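What follows is each chain in one-letter form.
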Amino acid sequence: MRALTLFLLVLLLLLQWSLWLGKGSWLRVWQLDSQLTTLRTSNDKLVTRNLALAAEVSDLKQGSSAIEERARSELGMIKKGEVFFQLLEPHAALPAAPAAPRSATAPP
């Protein structure tokens, strides 16, 4: 009886080994599921980006307003007769001029 129990236990362990640690094991399924989730997230971001690029291409093909907007923002172009104003941010002010060096003979 003891030998039969031991044989059945070893057989059960061999069957479980392939289920948990073999080629198509649960551990491998969990790893692949994690990779699939990561790839789906990445794919969703790329699909969104592709849709935005397709919309931009369509906009550039259909009208001149998109081309004009790009020329203004990326190339700094202006129309004939327009006046260009450049507003500086407060922290981007010009640096103060350096103080003139004092000469050794000048009184303090």
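Residues numbered from 1 in each chain as written. Predicted model: local features only at pLDDT ≥ 70, side-chain atom pairs only at ≥ 80, totals over all residues. Heavy atoms only, no water.

A tally of regular secondary structure across the chain gives three helices and zero strands. When the helices and strands of the chain are placed in sequence order, the string is α-α-α. Burial status across the chain gives 3% buried among its 108 residues. Counting only carbon and sulfur atoms, one obtains 66% of the accessible surface of the chain, whose full area is about 10,600 Å². (Helix = DSSP H or I, 4+ residues; strand = E, 2+ residues; numbered from the N terminus. Buried < 20%, exposed > 50% of the residue type's maximum accessible area, 1.4 Å probe, protein only. Areas by Shrake-Rupley, 256 points an atom, 1.4 Å probe, with all protein chains shown as cover.)

On to the pattern of salt bridges. Taken as a whole and assessed by the stated rule, the structure comprises five salt bridges. With its nearest N and O atoms 2.3 Å apart, the salt bridge here joins R70 to E56. A residue pair is termed long-range when its members are at least 10 positions apart, and R70 in helix α3 (residues 65-75) and E56 in helix α2 (residues 26-62) qualify at 14 residues. Judged by its relative accessible area of 33%, R70 falls in the partly exposed class. On the accessibility criterion, E56 (30% relative accessible area) is partly exposed. Residues E68 and R72 are paired through a salt bridge, measuring 3.3 Å at the closest nitrogen-oxygen approach. With E68 and R72 both in helix α3 and four residues apart, this pair spans about one turn of that helix. Connected through salt bridges with shared partners, the residues E68, R72, K79 and E82 form a single ionic network. (Salt bridge = Lys/Arg side-chain N within 4 Å of Asp/Glu carboxyl O.)

With that out of the way, let us pick up a nonpolar patch on the surface. A contiguous nonpolar patch, built from W17, L19, W20, L21, W26, L27, V29 and W30 and spanning about 860 Å² of accessible area, is present on the exposed surface. Its location among the elements puts L27 in helix α2. Judged by its relative accessible area of 42%, L27 is partly exposed. (Patch = residues over 30% accessible without salt bridge, like charges linked within 9 Å, V, L, I, M, F, W, Y side chains within 5 Å.)

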